[in-house]
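# Close look at the chain arrangement
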Amino acid sequence: MTTSLDDLAEKALRGETPSREEALAVLAGPDELLDVVAAGARVRRHFFGRRVKLNTIINMKSGLCPEDCSYCSQRLGSSAEILKYSWITPEKAAETAGQAVRAGAKRVCLVASGRGPGDRDITRIEDTIAAVKADSPDVEVCVCLGLLADGQAERLAAAGAHAYSHNLNTSEARYSEICSTHTFADRTGTLRRAGHAGLSPCSGAILGMGESDDDIVDLAFALKELDPDSVPVNFLIPFKGTPLADTWELTPERCLRILALFRFVFPDVEVRLAGGREIHLRGLQSLALHLANSMFLGDYLTSEGQPGADDRQMIADAGFVIEGTDERTLPDARHDLVAIRRRGAGSDLPANA
Ligand code: SF4
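Residues numbered from 1 in each chain as written. Predicted model: local features only at pLDDT ≥ 70, side-chain atom pairs only at ≥ 80, totals over all residues.

Looking at an unreviewed UniProt entry, one finds the protein named Biotin synthase, with Actinomadura harenae as its source organism.

## Some details on the UniProt feature "domain: Radical SAM core" (unreviewed entry) in the protein
Put simply, the rule is: UniProt positions are given in the numbering used here, feature names are shortened, and annotations may be inferred rather than shown by experiment. Elements are defined by DSSP. Helices are runs of H or I of four residues or more, strands are runs of E of two residues or more, and each kind is numbered from the N terminus.
Mapped onto this numbering, the UniProt entry annotates "domain: Radical SAM core" (unreviewed entry) at residues 47–277. The distance from the first to the last C-alpha atom of residues 47–277 is 23 Å, and the span holds 37% helix and 18% strand.

## So, the pairing of strand β1 (residues 51–61)
Rules: Each residue is classed by its C-beta neighbour count within 10 Å, where at least 20 other C-beta atoms makes it buried, 12 or fewer makes it exposed, and intermediate counts make it partly exposed; the C-beta atoms are placed from backbone geometry. Note: two strands are recorded as paired if DSSP finds a minimum of 2 bridges between them.
Counting buried residues in β1 gives ten out of eleven residues, a clear majority hidden from the surface. Summarising the sheet, β1 and strand β9 (residues 294–296) pair through three bridges and their orientation is parallel. What sits directly across from K53, in β9, is S294. Bridge analysis of β1 against strand β2 (residues 107–112) gives six bridges, and the strand direction is parallel.

## Some details on the packing of helix α1 (residues 5–13) against helix α3 (residues 33–48)
Angle between the axes and distance between the axes are the two parameters that describe a pair of packed helices. Operational definition: Geometry is summarised by axes, namely lines fitted to C-alpha atoms with helices restricted to the contacting stretch, and by angles between N-to-C directions that run from 0 to 180 degrees. Any angle that falls under 35 degrees is termed roughly parallel, while one over 145 is termed roughly antiparallel, one within 65 to 115 roughly perpendicular, and all others oblique. Here a crossing is called left-handed whenever its near helix is offset anticlockwise from the far helix by less than a right angle, and right-handed whenever the offset is clockwise. We call two residues in contact when their backbone-placed C-beta atoms lie within 7 Å.
Viewed as axis vectors pointing N to C, α1 and α3 meet at an angle of 20 degrees, and their least axial separation amounts to 9 Å. By the angle between their directions, the pair α1 and α3 is classed as roughly parallel. Of the two elements, α1 crosses α3, and the hand of that crossing is right-handed. Facing α1, whose interface residues are L5, D6, L8, A9, A12 and L13, α3 presents D35, V36, A39, R42, V43 and H46.

## Overview of the UniProt feature "binding site: [4Fe-4S] cluster" (unreviewed entry) in the protein
With numbering matched to this structure, UniProt assigns "binding site: [4Fe-4S] cluster" (unreviewed entry) to C65, C69 and C72. Within the secondary structure, C69 sits in the loop between β1 and α4 (90–102). Using a count of 22 C-beta atoms within 10 Å as the deciding quantity, one classes C69 as buried. The contact partners of C69, leaving out residues within four places of it in the chain, are R75, I178 and C179. Take C72: it is sitting in the loop between β1 and α4. Looking at C72, the number of C-beta atoms within 10 Å reads 26, which means it is buried.

## Digging into the nonpolar core
Keep this limit in mind: Here a nonpolar core is just a set of buried residues of the types Ala, Val, Leu, Ile, Met, Phe, Trp, Tyr and Cys, joined wherever their C-beta atoms sit within 7 Å.
One finds V108, Y164, V233, L259, L261 and F262 to be the most contacted residues of the largest nonpolar core, which totals 94 residues. For this core, the element with the most residues is helix α10 (residues 252–265), which contributes nine residues.

## Quick word on the environment of F266
Position of F266 relative to the elements: it lies in the loop between α10 and β8 (270–273). Not counting chain neighbours up to four residues away, the residues in contact with F266 comprise V231 and V271.

Okay, structure coming up:
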């Protein structure tokens, strides 16, 4: 690339987004892989030090989804032999969350299959947030329930949810190729609703679904426009029984270059190593920690992850430390210093005096 990797890292440290040409060169330029990783690692270290934030997923309701996202084992028509069940109880969710928190998880992601929640589902999640917080008061709760209707994000925020997660997954140009039952615009709309309600926006990608380098850059830039606080980077888990079964197009090098690109585009944002890391990065997982500052611990929605003890060993062996609940994940500059007034005139609450 015409811009050196050092210059690209400097730009990221100044909070400047790479140009399209620079972004494409990270994915497929002549620079050696380790040089690309080293440049991204410099940015990661500047904003996040040696900390790794651990997150865990709880699948509140599994399978039998009416939507047709082609990467998903829970989709309409999927014959993947996954666990299928209706809503687990708040108590069961709190117990599972407590185990993860004691193992180092700082965020619990409450996820349910489906197009979007009904109001009764929101009530269930409100009860679940209360149960999780009663057991683990300091844990961040992120909710991921699909497309949100008016007022639902506000209810989740009032119940104590910290974040809302809804991935864009792939570029707008390719979206209709991977899903016909909802649109890219539906997804961006839900992310914006969540953000307006005060929930920390979480949105990321699934790579390895036939996308071009241009699609990856389009997706990264589209995500950037949404200004998320966290960006999960998933690598396709090609479930048998889904349209993308047997799709194996990623290499460890490709995964690392994608993670480096996301670090340059999101220098001070939580970039999370997510589903598929074990099967696609394989022996290079620990190198990915030099780019991502966050990862999932334990199992995914419908597939098993690496044993938690192995993850903790990998983090220690690579010279990183697990982020504590008393530590901030995001750098100060990303914390919103403007608090919308909710008290005093025009509200039922006393004024600040
Ligand atoms: S990704 Fe979500 S909405 Fe799409 S099929 Fe899977 S569970 Fe349903």
